[in-house]
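Architecture at a glance
Each chain, letter by letter, is given below.
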Amino acid sequence: MAEHIEHAAHAHAAPTGFIRKYVFSLDHKVIGIQYYFLALASVFIGMFLSLLMRIHLVWPGVSLPLIGEIKPETYLSLLTMHGTFMVFFVLTTAPQSGFGNYFLPIQIGAPDMAFPVLNMLSFWTTFLAFLVAIAAFFVEGGAPLHGWTGYPPLSAVPSAGPGEALGADLWVLSIAIFCVASLMGALNFITTVLDLRCKGMSMMRMPLTVWAWFITAILGLLAFGVLLSAGILLLLDRNLGTSFFIPGGTVVNGTLLNHKGGSPLLWQHLFWFFGHPEVYIAILPGMGVASQLLSTFSRKPIFGYKAMVYAIMAIGGLGFVVWGHHMFMSGMSPYSAFAFSLMTMAIGVPSAIKTFNWLGTIWRGRVHFDSPMLFAVGFVSLFVSGGLSGPFLAQPLLDIYLHDTFFVVAHFHLIMGVAAIFGIFAGTYYWFPKMFGRMMNEALAQAHFWLTLIGTYAIFMPMHYEGMAARPRRYSQLTEVGWLQQLTGVEKFVTYAAFITIAAQFIFVFNLFWSMFKGKKATDNPWNATTLEWTTATPPPHDNFAGVTPTVYHGPYEYSVPGAPNDFVMQTDPTPHGGHVPSEDKPLAAE
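The rules we used
Residues numbered from 1 in each chain as written. Predicted model: local features only at pLDDT ≥ 70, side-chain atom pairs only at ≥ 80, totals over all residues. Heavy atoms only, no water. Phe/Tyr/Trp six-rings, centres within 6.5 Å; stacked < 30°, edge-to-face > 60°. Helix = DSSP H or I, 4+ residues; strand = E, 2+ residues; numbered from the N terminus. Buried < 20%, exposed > 50% of the residue type's maximum accessible area, 1.4 Å probe, protein only. Lys NZ or Arg CZ within 6 Å of the ring centre and 35° of its normal. Salt bridge = Lys/Arg side-chain N within 4 Å of Asp/Glu carboxyl O. pLDDT = per-residue confidence, 0-100. Polar contact = N/O pair within 3.5 Å; in protein donor to acceptor, adjacent residues only side chain to side chain.

Looking at the packing of aromatic side chains
By convention here, two paired aromatic rings are described through the distance between centres and the angle between planes. According to the stated counting rule, one finds 59 aromatic pairs in the structure shown. Ring centres of F375 and Y429 lie 5.3 Å apart, and the angle between their planes is 20°; on these two criteria the pair is classed as stacked. With F375 in helix 13 (residues 371–388) and Y429 in helix 16 (residues 406–436), the pair connects residues that are 54 residues apart, well separated along the chain. The class for Y429 is buried, based on a relative accessible area of 3%. In this arrangement the basic side chain of R471 is found over the ring face of F406, its NZ or CZ atom lying 4.0 Å from the centre.

See the structure below:
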């Protein structure tokens with residue numbers, strides 16, 4: 001009873017006007033869709049910037065309509081803003097804030113997030129950060145060129161180069177605003193999971209998607225606060241003459257700066273204390289989605305549910321003690337480097353547990369290769385392929401050779417970037433029927449999958465070879481460096497592969513919007529899945545369950561249950577075994 005009263009306290013009346021219903025909405029489902037489309041806009045901005053970079057790398061002197069010739073400093077600005085939009089506004093936003101907002105409350109049987117107003121503020125603060133980042137393109141000097149990692153003293157000195165004046169201020173301000181929004185979102189996610197689970201939904205009956213969003217929120221709460229502090233200090237250095245990151249004796253463009261006592265390495269420590277957990281903020285929700293889909297479409301319980309939960313926790317915890325492996329080049333003590341190397345290798349253990357459990361889930365299952373399953377398998381493939389190059393970079397001796405090369409670009413794009421995006425695609429194809437009441441076109445989805453998977457490998461696998469051939473990361477063109485001429489053919493191949501892969505994304509966009517209006521109407525549970533979102537109407541009503549709070553009797557992955565009339569048992573089904581309910585399946589007391 002106490003739980004029902006608590007749920008009622010978080011419920012709110014359905015909005016009536018257009019503004020409250022679709023713009024400044026308190027409904028977590030509308031907010032989730034807003035986050036999703038913000039990420040969709042951002043990913044096309046990021047892809048356009050990467051397209052310009054690829055064109056410049058292969059044809060450095062070409063003049064493009066409306067853009068003109070891309071100068072080397074413009075290339076660095078494109079690089080900076082591509083990383084910023086993709087990391088913050090796509091990889092952080094869509095899997096956690098988009099899908100998490102929409103489905104976390106439903107999957108735990110709650111009517112909404114714990115703090116609906118805070119949820120709305122979190123989205124609009126993120127949107128403000130997005131607008132500020134966009135504004136950096138249009139101010140005098142343009143966008144900054146210091147890279148998405150913002151290393152000082154380059155990022156801390158306004159006179160350091162084009163884009164480092166007002167453009168860099170806007171970049172730092174955008175990141176700081178984004179951090180504030182993420183902190184609000186993290187508090188909301190954590191409170192919702194701890195306080196609003198329905199009757200019977202114990203922690204060990206939560207879907208792995210919820211576990212992933214929950215641990216990701218904890219990571220965000222601990223990591224974004226540090227980045228916010230670092231960003232404020234950087235703004236002070238840039239505008240008020242403080243010296244947190246600028247050392248004494250720094251000379252820029254022949255001028256001795258009036259700073260003393262700062263440390264550029266302090267920024268690196270603060271940034272990577274955020275930056276490495278950020279890898280898991282991007283990838284953990286994808287792991288949750290992959291786990292959910294591999295079980296559903298293999299018609300088998302997830303292999304080793306508890307091990308998967310503990311592996312998510314271990315990945316989250318170890319993610320905070322490995323940031324130093326990004327700084328092997330900084331001249332750190334070999335003893336510190338050894339410690340960070342050891343901890344980095346250790347984080348491979350829970351990652352391997354998850355991978356083997358995914359394979360164990362598929363093994364001897366009745367696998368249905370629908371488009372959500374294809375993208376889930378693609379996620380695992382890319383995660384493993386990207387992860388295999390990680391141990392090389394965890395060794396200080398090897399990292400010093402590879403660190404500033406395309407080997408690193410290939411590694412993090414596979415494991416953090418494209419793998420996470422495959423998780424987003426998998427979630428889209430899986431949950432689209434529940435979100436919009438219609439099915440996406442399967443033929444277009446399969447074409448999108450194969451073109452994207454093959455294109456991704458065609459882009460990033462050759463980059464490993466380029467890295468081993470010492471192709472530097474941030475050189476804007478190869479024409480000025482004689483020993484890189486032999487890589488021109490590889491660069492052209494990667495660029496053509498990028499053209500095809502980017503073009504394939506328009507198939508997805510067409511399918512997404514066409515299916516919203518013309519797709520086949522979906523049933524309430526088109527995938528015969530077991531979790532709570534598939535027990536309610538399609539699309540879900542305002543309070544998710546039409547005033548009826550569900551009661552949970554089972555774990556989230558009860559497939560191929562012996563004695564059950566179907567090959568799946570819904571979490572809300574009280575009589576899965578011919579009316580006999582085993583004692584361990586009885587509803588839990590209110591928690």
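So, next bit.
Quick notes on the pattern of salt bridges
Scanning the model with the defined rule gives 8 salt bridges in all. Taking the shortest distance from any N to any O, the salt bridge between E491 and R54 comes out at 2.5 Å. Here E491 is found in helix 18 (residues 488–518), whereas its partner R54 is found in helix 3 (residues 28–58), with 437 residues between them in sequence. Each member of the salt-bridge network shares a partner with another, and the members are R54, E466, R471 and E491.

A closer look at the confidence of the model for the chain
The predicted model of the chain averages 93 in pLDDT, with 95% of residues at 70 or higher. Per-element averaging of pLDDT across the chain places helix 1 (residues 2–10) at the bottom with 49 and helix 6 (residues 116–135) at the top with 98.

Looking at the environment of P562
Its location among the elements puts P562 in the segment after helix 18. Taking the C-alpha atoms as reference, P562 lies 36 Å from F189; in sequence the two are 373 residues apart.

A short note on unusual backbone geometry
Of the consecutive residues P152 and P153, the connecting peptide bond is found in the cis state with omega at 10°. Tracing the backbone shows P153 in the loop between helix 6 and helix 7 (166–195). T538 connects to P539 through a cis peptide bond whose omega is -15°. Within the secondary structure, P539 is located in the segment after helix 18. Positive phi is not limited to glycine here, since L66 has a value of about 70°. Positive phi values are uncommon outside glycine, yet R364 reaches one of about 60°. As for its placement among the helices and strands, R364 is situated in the loop between helix 12 (348–362) and helix 13. For R364, a relative accessible area of 73% gives the class exposed.

Some details on the side chain of T456
Positionally, T456 belongs in helix 17 (residues 442–468). Residue T456 is classed as buried on the basis of its relative accessible area, which comes to 2%. Among the polar contacts listed, one links the side chain of T456 to the backbone oxygen of T452, at a separation of 2.6 Å.

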